[in-house]
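If you want the building blocks of each chain, they are given just below.
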Amino acid sequence: MDFEDGAVIDGVTYHQYDVVIVGAGGAGMRAAIEAGPQVKTAVITKLYPTRSHTGAAQGGMAAALANVEEDSWEWHTFDTVKGGDYLVDQDAAEILAKEAIDAVLDLENMGLPFNRTPEGKIDQRRFGGHTRDHGKAPVRRACYAADRTGHMILQTLFQNCVKLGVEFYNEYYALDMVMTEVDGVEQPSGIVAYELATGAIHVFQAKAIIYATGGFGKVYKTTSNAHTLTGDGVGIIWRKKLPLEDMEFFQFHPTGLAGLGILLTEGARGEGAILRNASGERFMERYAPTIKDLAPRDIVARCMVQEVAEGRGAGPHKDYVLLDCTHLGAEVLETKLPDITEFARTYLGVDPVVEPVPVMPTAHYAMGGIPTNVSAEVLRDNTTVVPGLYAAGECACVSVHGSNRLGTNSLLDINVFGKRAGNNAAAYAKTAEFTPLPEDPAKFVRELVESTRNATGTERIASLRKELQEEMDKNAQVFRTDESLAKVTETIHSLRQRYQQISVQDKGHRYNTDLLEAIELGFLLDLAEVVVFSARNRKESRGGHMRDDFPKRDDENYMKHTMAYLTGDPHSADAADHITLDWKPVVVTNYQPMERKY
Amino acid sequence: MAESAVLEGASAPADEAPIESFTVTLIIRRFDSEFDDEPRWVDYDVELFATDRILDALHKIKWEQDGSLSFRRSCAHGVCGSDAMRINGRNRLACKTLIKDLDISKPIYVEAIKGLPLEKDLIVDMEPFFASYREVQPFLQASGKPEKERIQSVAQRERFDDTTKCILCAACTSSCPVFWTDGQYFGPAAIVNAHRFIFDSRDEAAQVRLDILNDKEGVWRCRTTFNCSEACPRGIEVTKAIAEVKAAVLRGKPDVPKSDLVSA
């Protein structure tokens, strides 16, 4: 269809941009800073940009600046590969580690107030899995701003977007990607978004689209993720029958506030905090004798769960372990870890200065997501690029994190690959033509919104969501078995049936968050099914995917990425009827898989 | 069981007694221009635990009683700045206000923050707030492209640490009586964000911002009522920051510490 930019046709507003970025967290805004000055760019975001969950990241951003001790990007590459249990694409990890240095300097030059060394350089601290010379000892590689590094990154990127006059569409929910058949192949031609304030629908025709929509931690109950992290972007890609990679690999951060899941940075252990069981034993010494509490997150999380399972948990119900910061002293806590000190005081009434903090693993980060190459281009199979479609940040899978992401590598990932996505999308848009929109491109979203708003069934959104989250915690968390995964498969299927009978109480058009929670739950259910289906298929233990029934890593059969495709009716009872799994080879350059010991 | 599981501290006694819950009454100021002529106060009884937050209470109402109750929230632990609201007459983040810290023998009053256009229930139009923020040029302005990082001493970095904590929740600005009566006033949050750059040793545009804030709607409108400092969920000494900006306007130049670098 043809239209003038800004035209309103049948109540739908039509816009035209060279580049449309979906999501305004770290990756989206980093992309906007590149694309904005080059081509006509819009950022569509379901939240005001500064509400994005990048702002909750605490500990740091890795880069081998060697400001406080010897370091090299090659060591960083190795740590990333080993930390990811060899499922990392090594060419991508090398780019991540090399470009890390400029990524940090870019942010500093943009104004980010990093903590400083006595010489006035960017200060660096230790973090899990980051080591000197291939595992010899922990290294100070994480550049940080107290324990609000993510906050400072988000603010700095937003400030620079303000400086550059980047166009934001705040509180617009992207609910569909429009595809147009060109020469027999479906190509993305635009984004359809729902304006929260008015309920109006907007179509954004775009030459290039960047997904930077973050994760989907809300498939779990105990999570460090925001309420809004419901995987809408990843879910849209899935519904468009594009593949998702390595969805079984979800990271459980070791130190969530027990019972609440609120994140306490690994930077606490970087500064010297120690995990203890009920008897006060520093149990990580038994599991990772060299780097102890600074082992990667998958390992520490498993050890914590094991301590509790074997009866060594602390507290009245022996159901958590303790993060002991008491020897760090009030000054280190108040100056380098002020936010987490406050979180423990506010939410648990525990003062980390004088008593250890109850902690347990919390669902934190999706290693898997939308497959891309190192140019941030989205793949429609193992190798074929979808022209004009890009993804970066947690929603993407490059794969730089393999089966387990190292702490501080995600703030790095959003900056390195956000920048690449922004530049590459702009370059593409400069030479590309608009792909024509199909007739009535808003049809799907209009019908979705209207049918959801008018839903008058018997099922409450909140009860379905609660059951999903609780069952995912029980059956697809740190430890999984075929039995547990089969059980939660059943649950998800029954929830998907019940989801057909939901009720939405808010019938209004303005700020209808009831309606949006219903739509978000649809994405959560879709993605939980892919996570569990992929997890059942991987009969080995690697990184964040620990199968109790297959406790060993099996390189012969499984050193390859999972690729999941939606190939049938998503509502069919058996997931195998609509999900097809395939494999994608891991890129190995310098590092042959070794046993993973720390 | 509430959304946030209740948990005794590490030193709590090992009793198996069920944790006590309470019926708490919230009285919420509701408004939807699509259906209402004017705002109305609506009562809700909610079963809560002492460690629940007001955000948990709002979720329980939305999820179990009335799905049309509308409010913003995201991170739920005080870092994203979505859920600033007036709770018992004070501006606070719903996710950082625990039931145990309120007097639940009386109803808890919850309403939208004041001074910004009311959109629906607890949601206001944030655009005027962000417009003031944008006006103070809240971004680093420094000439030249250094080879690596710009050098900054620990003391220079410390000088503006407090104002880097701002999450733009608008709790301060919408607690300010001057802002309530004069929507043109920049408001505390914009001044805090100007302060963050005025006192940054790397920045070269302090004077530009000081001139902007010397305007009739600038720092001189501040009457030092300290509401903003009390409202700030990040503990920023907002009134002090405003006073420092006022002093810099008068002196014409901020007191940024001299470099005290230790040579490598």
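Just so we're clear, the structure is a prediction, and the values are computed from it rather than from any experiment. (Residues numbered from 1 in each chain as written. Chains lettered and ligands numbered in written order. Predicted model: local features only at pLDDT ≥ 70, side-chain atom pairs only at ≥ 80, totals over all residues. Heavy atoms only, no water.)

Draft legend 1. Focus on the interface of chain A and chain B. At the interface, 73 residues of chain A touch 82 residues of chain B. In total, about 6500 Å² of surface goes out of reach between chain A and chain B, with carbon and sulfur atoms giving 49% of it. At the boundary of chain A and chain B, one finds 9 salt bridges. Measuring nitrogen to oxygen at the nearest pair gives 2.5 Å for the salt bridge that ties Glu-342 of chain A to Lys-96 of chain B. The tally of links between chain A and chain B comes to 42 residue pairs in polar contact (both at pLDDT 80 or more). Among the secondary structure elements, those contributing two or more residues to the side of chain A that touches chain B are α3 (90-110), α4 (149-164), α10 (338-348), α13 (461-475) and α15 (513-537) of chain A. (Contact = heavy atoms within 4.5 Å. Buried area = accessible area lost by both parts, 1.4 Å probe. Salt bridge = Lys/Arg side-chain N within 4 Å of Asp/Glu carboxyl O. Polar contact = N/O pair within 3.5 Å; in protein donor to acceptor, adjacent residues only side chain to side chain. Helix = DSSP H or I, 4+ residues; strand = E, 2+ residues; numbered from the N terminus.)

Draft legend 2. Examining the domain arrangement of chain A more closely. Residue and element names in this part refer to chain A. Under the domain assignment used here, chain A contains domain 1 (258-361) and domain 2 (442-585). On a C-alpha basis, the centroid separation for the pair domain 1 and domain 2 is 31 Å. Of the roughly 450 Å² buried between domain 1 and domain 2 on both sides combined, carbon and sulfur atoms contribute 72%. The largest contributions to the domain 1 side of the interface with domain 2 come from Asp-298, Arg-302 and Val-305, which together make up 77% of the buried area. The interface formed by domain 1 and domain 2 contains 1 residue pair in polar contact (both at pLDDT 80 or more). Grouping the amino acids of the side of domain 1 that touches domain 2 by side-chain chemistry returns 3 nonpolar, no polar and 2 charged. (Domains from an automatic or database assignment. Nonpolar A, V, L, I, M, F, W, Y, C, P; charged D, E, K, R; others polar.)

Draft legend 3. Quick look at the UniProt feature "modified residue: Tele-8alpha-FAD histidine" (unreviewed entry) in chain A. Residues given the UniProt feature "modified residue: Tele-8alpha-FAD histidine" (unreviewed entry) here are His-53 of chain A. Tracing the backbone through its elements, the reader meets His-53 of chain A in the loop between β3 (41-45) and β4 (61-62). (UniProt positions renumbered as here; feature names shortened; annotations may be inferred.)

Draft legend 4. Broad picture of the UniProt feature "binding site: substrate" (unreviewed entry) in chain A. All names here are of chain A. Within this structure's numbering, the places UniProt gives as "binding site: substrate" (unreviewed entry) are His-253, Thr-265, His-364 and Arg-405. For the annotated residues, spread through 153 residues, the largest C-alpha to C-alpha distance comes to 14.5 Å, consistent with a single compact locus. With respect to the helices and strands, Thr-265 occurs in the loop between β12 (250-257) and α6 (267-270). For Thr-265, the residues in contact, after removing those within four places along its chain, are Gln-58, Gly-59, Phe-127, Asp-147, His-253, Thr-255, Leu-337 and Ile-340. Residue placement: His-364 occurs in strand β15 (residues 357-366). With a relative accessible area of 13%, His-364 lands in the buried category. Beyond its immediate chain neighbours, meaning those up to four positions away, His-364 contacts Ser-224, Asn-225, Phe-250, Gln-251, Phe-252, His-253, Leu-263, Arg-297, Glu-394 and Arg-405. A polar contact is formed between the side chain of His-364 and the side chain of Ser-224, at a distance of 2.6 Å. (Buried < 20%, exposed > 50% of the residue type's maximum accessible area, 1.4 Å probe, protein only.)

Draft legend 5. Highlighting helix α2 (residues 127-135) of chain B. Those residues of α2 of chain B lying buried are Phe-129, Phe-130, Ser-132 and Tyr-133 of chain B. Mapping the buried residues of α2 of chain B onto a view down its axis gives an arc of 155°, with all of them on the same face. The secondary structure elements touched by the buried residues of α2 of chain B are α4 of chain A together with α5 (188-198) of chain B. A positive phi of about 55° marks Gln-137 of chain B, the residue just after α2 of chain B. (Arc of directions from axis to C-beta.)

Draft legend 6. Focus on the packing of α4 of chain A against α2 of chain B. Between α4 of chain A and α2 of chain B, whose axes approach to 10 Å, the crossing angle comes to 80°. Taken together, the axes of α4 of chain A and α2 of chain B are roughly perpendicular relative to one another. Here Gln-155, Phe-158, Gln-159 and Val-162 of chain A of α4 of chain A lie close against α2 of chain B, whose contacting residues are Phe-130, Tyr-133 and Arg-134 of chain B. Counted by class, the contact of α4 of chain A with α2 of chain B contains 4 nonpolar, 2 polar and 1 charged residues. (Axes fitted to C-alpha atoms, helices over the stretch in contact; angles between N-to-C directions. Parallel < 35°, antiparallel > 145°, perpendicular 65-115°, else oblique.)

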